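Single-letter residue listing:
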Amino acid sequence: MNAATTIVIVLCLAALGYVAGRLRANRVAGNVASSLHSRSGYYGAFVAIFTALPSLFVLAAWLIVSPMVINSQVFDSLPREIQALPDTDHALQMGKINSIAQGLEQLTPQDEARLKSGAVDMRSLLGEKGVAIAGEVEDYMPAAARKLSAMHSASGLYRTFVIILLAAVGLMWSWIQIKPRMRARNSVEAVIIAGLMLASSIAILTTVGIVLSMVSETYRFFTSVPPLEFFFGTVWDPRFAAAGAEDSAGQFGLIPLLAGTLYIAFVAMLVAVPIGLYAAIYMSEYAGQRLRSVVKPLLEVLAGIPTIVYGFFALTTVGPFLRDISAQIHGLAFGEVSSFIQAQSVLTAGLVMGIMLIPFVSSLSDDIITAVPQAMRDGSLGLGATHSETIRRVIFPAALPGIVGALLLTASRAIGETMIVVLAAGVAARLSLNPFEPMTTVTVKIVNQLTGDLEFTSPQTLVAFALGITLFVITLCLNFYALYIVRKYREAYE
Amino acid sequence: MNMMSEAAVEAAVGAKTTAQPPIKMQGRLVNVSYGDNQALFDVDLDVRLHQVTALIGPSGCGKSTFLRCLNRMNDTIEGCRVKGSITLDGADIYDPSIDVVELRANVGMVFQKPNPFPKTIYENVAYGPRIHGLATGKAEMDEIVETSLRKAGLFEEVKDRLHTAGTGLSGGQQQRLCIARAIAVSPEVILMDEPCSALDPIATAKVEELIDELRVNYTIVIVTHSMQQAARVSQRTAMFHLGRLVEEGATDKMFTNPDDQRTQDYITGRYG
Amino acid sequence: MSDAVTPPAAVAGTGIQKRDIGIKRRYAAERRFRAYGLIAIALGILFLTALLYTVISKGYTAFQQTAISVPVTFSEKIIDPKGERAQNPQALMMANYPVLARNGLVRELGIDPKNKKLVSAAGKMLSAGSRVQLRDMVLADPSIIGKTLPVWILASGDIDSAFKGQVDLSVDQARRQVDDQQIAWMNQLAKDNILVKRFNTGLFTYGASSRAETAGVGVAIIGSLYMMGIVLVLALPIGVAASIYLEEFAPKNRWTDLIEVNINNLAAVPSIVFGLLGLAVFINFAGMPRSASLVGGLVLSLMTLPTIIIATRAALKAVPPSIRAAALGLGASRTQMVFHHVLPLAAPGVMTGTIIGLAQALGETAPLLLIGMVAFVVGVPASPMDPATALPVQIFMWANEAERAFVERTSGAIIILLGFLAVMNITAIILRRRFERRW
């Protein structure tokens with residue numbers, strides 16, 4: 001019996017338990033609801049929970065653990081020389097055995113007969129059944145596969161039996177527990193709160209997952225490339241050379257990527273900060289209700305557009321536009337038409353990323369400027385300051401910590417942005433100060449290293465995780481500091 | 001009723017009229033509305049030179065609204081309309097030829113809650129002179145700051161920490177800092193909107209004492225909730241109720257022998 | 001008020017004291033400052049307009065596709081020359097269907113069938129997608145073999161571009177994809193209403209294809225829908241549960257503080273990092289299939305979770321304490337208070353936050369690239385375990401194609417994506433307007 005059916009049975013038992021619990025609660029209360037501690041529904045829920053939760057928990061554990069146990073037992077039964085192979089080959093062999101086992105289960109008696117008579121070999125027979133085997137079927141494999149299937153079906157049988165027994169026992173036990181003064185509601189609520197708590201820890205688990213997965217892969221990367229070479233290397237050249245070839249590792253210098261990332265983010269901030277800030281100031285300080293109700297949603301539209309669309313915009317419009325206009329300018333200045341801005345360049349990516357960031361800067365600063373108490377404005381205006389003097393000399397300095405926080409958050413966004421730079425910045429990892437030429441970023445290289453056919457053991461792919469953790473740490477620091485500033489700022493004015 | 005109030009007052013007070021100082025600011029038929037809500041109805045009020053004029057009345061009676069009209073702080077509120085005329089030294093302050101910045105430089109304001117800027121004490125006081133370009137050098141600025149703080153009676157308390165944050169002072173000190181900030185621009189009129197409502201009694205006493213001293217050099221209009229305060233600091237008192245000026249006159253007369261029953265009731269604490 | 005009663009000396013008629021406080025200069029500065037603000041806003045709106053204009057002007061033509069009505073003779077000689085279809089059904093699969101279409105067109109244009117060059121040029125006007133189209137017709141109803149039927153066959157991508165006026169005809173014909181002869185035929189067919197633009201349903205139904213005219217976002221839309229479904233099923237309940245715990249039950253201590261900081265921080269982690277997480281945990285560690293919408297949905301759920309939690313907490317916070325006090329005062333337990341009173345009142349805020357989170361997830365590209373959703377998927381995925389792509393990923397893949405017809409498709413796909421997002425966001429706005437409560 002498969003796991004899904006077992007789950008359905010357990011859930012049916014739980015539903016049964018609910019009804020039984022309610023009935024019993026009513027009966028022990030002599031149908032006088034007020035003599036029960038909780039409403040009868042809670043007793044039902046109590047029974048249902050004790051029926052379903054433990055057995056489903058055990059089922060989950062079983063599903064995770066049993067394949068591991070079975071695999072290791074099957075593996076132990078393999079011939080010595082196979083066991084002596086390196087780790088990567090083990091996975092391959094086990095994969096094959098697994099597929100064979102899958103295929104064998106689908107064979108009809110006739111097929112078995114054909115196989116025995118030698119009329120057809122196993123690989124092509126399984127191929128007919130839609131199970132592709134990667135490579136030849138070796139002699140020891142069918143036996144291992146049969147052992148595997150046998151263990152699987154045995155495990156399935158035990159599992160079904162144990163789970164359903166557990167559910168039934170839970171049902172009986174909790175059903176017997178029901179007495180008028182039993183605090184069923186409290187128990188049910190405790191379970192609910194435990195569930196809520198579990199949900200809230202998912203966020204922590206995500207972070208832990210991010211850190212663990214990246215640290216372990218990065219560690220593997222550092223076993224083949226020394227950290228110093230990675231962090232301080234100035235050349236990025238991860239040759240996808242043939243395995244085993246001399247010098248196949250290539251060079252993995254982070255510096256050019258980091259420089260490109262920061263340079264592009266800097267250009268983006270150069271575009272986004274003045275525009276976003278001035279727009280925010282105008283909207284929060286000058287604009288009337290009417291203008292605000294039109295402009296604010298429009299800028300929010302800018303924020304809602306997916307970054308891939310910005311990337312496309314950069315690739316098909318902004319890049320060619322800058323290239324052509326630079327050619328025109330060059331023509332006017334020197335009489336010879338040649339473009340000095342390339343279509344994919346730091347400028348293109350930075351400009352478009354800046355446009356994307358405008359609404360971030362403006363809405364974050366808008367919130368912060370509005371949070372400056374009206375009393376500050378009154379105090380300054382009451383002294384005869386003009387509106388702009390009030391803004392520049394009182395409101396802006398008062399809001400500065402918050403705005404710095406907002407800008408740091410924006411910068412972290414710029415550094416982590418991927419799609420725009422993938423399409424508009426280019427792939428050449430170079431150290432250059434010329435904003436008219438392409439540079440590349442950390443995120444571009446993560447994407448480049450991890451798309452296409454990959455093998456998860458080569459430094460060429462593992463480097464993506466080292467890049468990822470670098471990116472994560474940088475943005476984490478920026479975010480932490482920014483959130484800290486913004487939080488402090490809010491406290492100051494609350 | 002309002003139309004005759006002044007004449008009635010002048011007549012009633014009799015002999016005192018002759019000693020009346022000249023009028024500094026004058027409101028005539030002032031009507032203010034916020035959107036569809038009218039907050040002030042046909043208010044006529046004179047503010048006389050070097051006197052403290054107290055505006056009293058129950059909450060929401062329009063006294064603060066009137067005060068904010070005197071230096072056009074109401075301009076900053078969206079949907080606020082002011083009709084009628086308010087003059088400063090005979091010039092209509094709502095006339096298009098009058099510049100609001102210039103007006104506010106001459107009619108300063110101190111607010112209900114102390115609102116020092118998040119800057120140093122020195123910078124708070126220097127802010128006004130700096131934006132108006134009143135000081136030509138550092139020395140002159142230092143002098144303006146010092147005299148203003150002295151006039152506000154704060155200098156001795158803060159002279160050793162002029163360059164620490166103004167927000168670090170106590171409530172009463174903050175309010176005196178705000179007064180010093182207003183003085184530093186050397187206005188002619190200072191408007192105070194319940195300047196002591198956020199202060200404890202001792203700080204209040206200090207500020208009241210200060211107001212009395214400032215009267216020598218400035219004309220002061222103060223909104224207050226406290227009858228005693230109005231009696232202590234002001235020479236003239238105006239009573240507002242439901243957006244109308246009920247009665248206006250010399251403070252001692254208002255508190256001893258008011259003409260209007262509502263004033264009587266308010267002063268004796270029947271409502272308010 | 002008559003002046004007679006006012007003492008004449010009372011009003012000092014000197015006017016407002018004039019001091020030099022640099023009014024002119026200061027007002028000039030004021031005007032400049034305002035102008036900067038207006039310029040900033042104008043620039044923002046200009047950029048938005050430029051972006052939308054680019055996409056729409058390049059993409060609106062993608063919703064139409066040129067098709068040619070060709071009288072196709074399903075000649076047995078070509079489909080099944082050996083007459084073996086009764087024994088070997090494979091024969092019908094392998095037949096050379098494009099020749100049928102080409103012959104039809106050649107007849108229609110009145111070209112000499114022996115002129116190889118002209119015949120081949122005419123054949124290039126038709127999409128190679130005719131193979132699948134005609135094959136499916138024959139497989140569905142083998143009795144049409146031997147008959148002649150008019151069939152709408154898509155024009156090739158180049159003819160489509162030319163017919164839409166996107167090909168610069170002034171360029172020497174050797175340097176463009178369509179030659180003058182083909183243009184002439186095109187115009188002739190168009191005049192007879194045999195070659196027309198029709199609504200492009202294929203854009204919504206086809207999967208990946210190396211030919212622009214038969215490429216569509218069908219697979220991508222299905223993939224995106226699967227992922228949105230997974231996000232909704234996972235992120236919404238978990239997010240709401242987490243927010244309820246943090247807002248209503250959690251003691252204020254270090255641990256909850258840590259969770260709080262952590263959630264705010266996760267909301268700002270670059271999306272590509274979630275892709276790396278998905279790759280390492282779901283694919284490498286848990287052994288889930290690459291390119292599957294299941295993995296994409298899981299990654300996007302983790303990414304959307306902070307957004308939903310932050311929105312839900314704000315909505316819960318907005319419910320006034322008096323409601324809670326009232327419920328507790330009647331003897332409700334905290335859990336009852338939350339589930340009977342607070343949560344229903346916060347529901348509109350939760351919905352709005354969820355929709356915005358979903359919209360964010362729908363537009364996300366980078367993490368999906370890393371978990372292998374850049375696959376060339378032709379067939380519609382039957383389940384979330386099957387390889388699929390997503391709308392934004394499809395856009396990314398097409399954006400890298402140089403052909404004019406693909407640029408048009410890319411923009412068309414962007415319009416579809418923006419359309420989805422607009423619908424979601426407008427729903428969120430309407431929900432907010434409708435149910436927003438001010439306490």
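Residues numbered from 1 in each chain as written. Chains lettered and ligands numbered in written order. Predicted model: local features only at pLDDT ≥ 70, side-chain atom pairs only at ≥ 80, totals over all residues. Heavy atoms only, no water.

A. Up close: the overall build of chain B. Regarding its fold elements, chain B presents 11 helices and 10 strands. Scaling as 2.2 N^0.38, a compact globule of 272 residues should have a C-alpha radius of gyration of about 19 Å, and chain B matches this with 19 Å. With the C-alpha coordinates aligned to their principal axes, the bounding extent of chain B is approximately 55 × 40 × 40 Å. Per-residue burial for chain B yields a buried fraction of 60% across its 272 residues. Expressed as a percentage of contacts within chain B between residues at least 6 apart in sequence, the contacts between residues at least 24 apart total 67%. Carbon and sulfur atoms form 52% of the exposed surface of chain B, whose accessible area is close to 10500 Å². (Helix = DSSP H or I, 4+ residues; strand = E, 2+ residues; numbered from the N terminus. Rg over C-alpha atoms; globule rule 2.2 N^0.38 Å. Buried < 20%, exposed > 50% of the residue type's maximum accessible area, 1.4 Å probe, protein only. Contact = heavy atoms within 4.5 Å. Areas by Shrake-Rupley, 256 points an atom, 1.4 Å probe, with all protein chains shown as cover.)

B. Examining the interface of chain C and chain A more closely. Counting residues at the interface gives 75 residues for chain C and 77 residues for chain A. Carbon and sulfur atoms make up 77% of the surface buried where chain C meets chain A, a total of about 6600 Å² over both sides. Scanning the region where chain C abuts chain A turns up two salt bridges. A salt bridge links Asp257 of chain C to Arg487 of chain A, with the nearest nitrogen and oxygen atoms 3.6 Å apart. Joining chain C to chain A, the criterion identifies 14 residue pairs in polar contact (both at pLDDT 80 or more). (Buried area = accessible area lost by both parts, 1.4 Å probe. Salt bridge = Lys/Arg side-chain N within 4 Å of Asp/Glu carboxyl O. Polar contact = N/O pair within 3.5 Å; in protein donor to acceptor, adjacent residues only side chain to side chain.)

C. Main features of the pattern of salt bridges. Residues and elements named next belong to chain B. Across all of its chains, the model carries 32 salt bridges over all chains by this definition. Measuring nitrogen to oxygen at the nearest pair gives 2.5 Å for the salt bridge that ties Glu123 to Arg130. For Arg130, a relative accessible area of 35% puts it in the partly exposed group. Between Glu157 and Arg176 there is a salt bridge, with its nearest N and O atoms 2.8 Å apart. Note that Glu157 is positioned in helix α6 (residues 155-158) and Arg176 in helix α7 (residues 171-183), a separation of 19 residues in sequence. In this structure Arg176 comes out as buried when scored by relative accessible area, which is 6%.

D. Fine view of the packing of aromatic side chains. Across all of its chains, the model carries 19 aromatic pairs over all chains by this definition. Ring centres of Phe221 of chain A and Phe252 of chain A lie 5.4 Å apart, and the angle between their planes is 85°; this geometry places the pair in the edge-to-face category. Here Phe221 of chain A is found in helix α8 (residues 184-224), whereas its partner Phe252 of chain A is found in strand β2 (residues 251-252), with 31 residues between them in sequence. Judged by relative accessible area, Phe221 of chain A falls into the buried class, the value being 0%. We classify Phe252 of chain A as buried; its relative accessible area is 2%. Look at Phe222 of chain A and Phe231 of chain A: their rings are 5.9 Å apart centre to centre, the planes differ by 50°, and that puts the pair in the tilted class. Connected via pairs of aromatic rings, a cluster forms that spans Phe221, Phe222, Phe230, Phe231, Trp236 and Phe252 of chain A. Cation over ring: Lys197 of chain C sits above Phe163 of chain C, and NZ or CZ is 5.7 Å from the ring centre. (Phe/Tyr/Trp six-rings, centres within 6.5 Å; stacked < 30°, edge-to-face > 60°. Lys NZ or Arg CZ within 6 Å of the ring centre and 35° of its normal.)

E. Quick look at the side chain of Thr365 of chain C. Position of Thr365 of chain C among the secondary structure elements: in the loop between α15 (334-363) and α16 (366-370). For Thr365 of chain C, the side chain forms a polar contact with the main-chain oxygen of Gly363 of chain C, separated by 3.5 Å. For Thr365 of chain C, the residues in contact, after removing those within four places along its chain, are Ile308 and Met419 of chain A together with Pro392, Val393 and Phe396 of chain C.

F. The arrangement of the sheet that holds strand β2 (residues 37-48) of chain B in detail. On the basis of which strands lie adjacent, the open sheet formed by four strands has the order β2-β1-β4-β5 (chain B) and antiparallel pairing. This sheet does not close on itself; its edge strands, each paired only once, are β2 and β5 (91-92) of chain B. (Pairing = 2+ DSSP bridges.)

G. Seen up close, the sheet that holds strand β2 (residues 148-154) of chain C. Residues and elements named next belong to chain C. An order of β2-β1-β3 is seen for the three strands of this open sheet, with the pairing classed as antiparallel. Two strands close off the open sheet at either side, each with one partner strand: β2 and β3 (195-199). This sheet shows a mean twist of 40° between the axes of neighbouring strands, independent of strand direction. One ladder, built from five bridges, connects strand β1 (residues 64-73) with β3; its direction is antiparallel. Counted as the bridge partner of Thr66 is Lys197 from β3. Strand contacts of helix α4 (residues 97-109): β1 and β2, with the helix running at about 90° to β1, the strand carrying the most contacts. (Axes fitted to C-alpha atoms, helices over the stretch in contact; angles between N-to-C directions.)

H. Focus on helix α2 (residues 63-70) of chain B. The element α2 of chain B is extensively covered by neighbouring structure, given that seven of its eight residues are classed as buried. Following α2 of chain B by one or two positions, Arg72 of chain B adopts a phi angle in the positive range, close to 60°.

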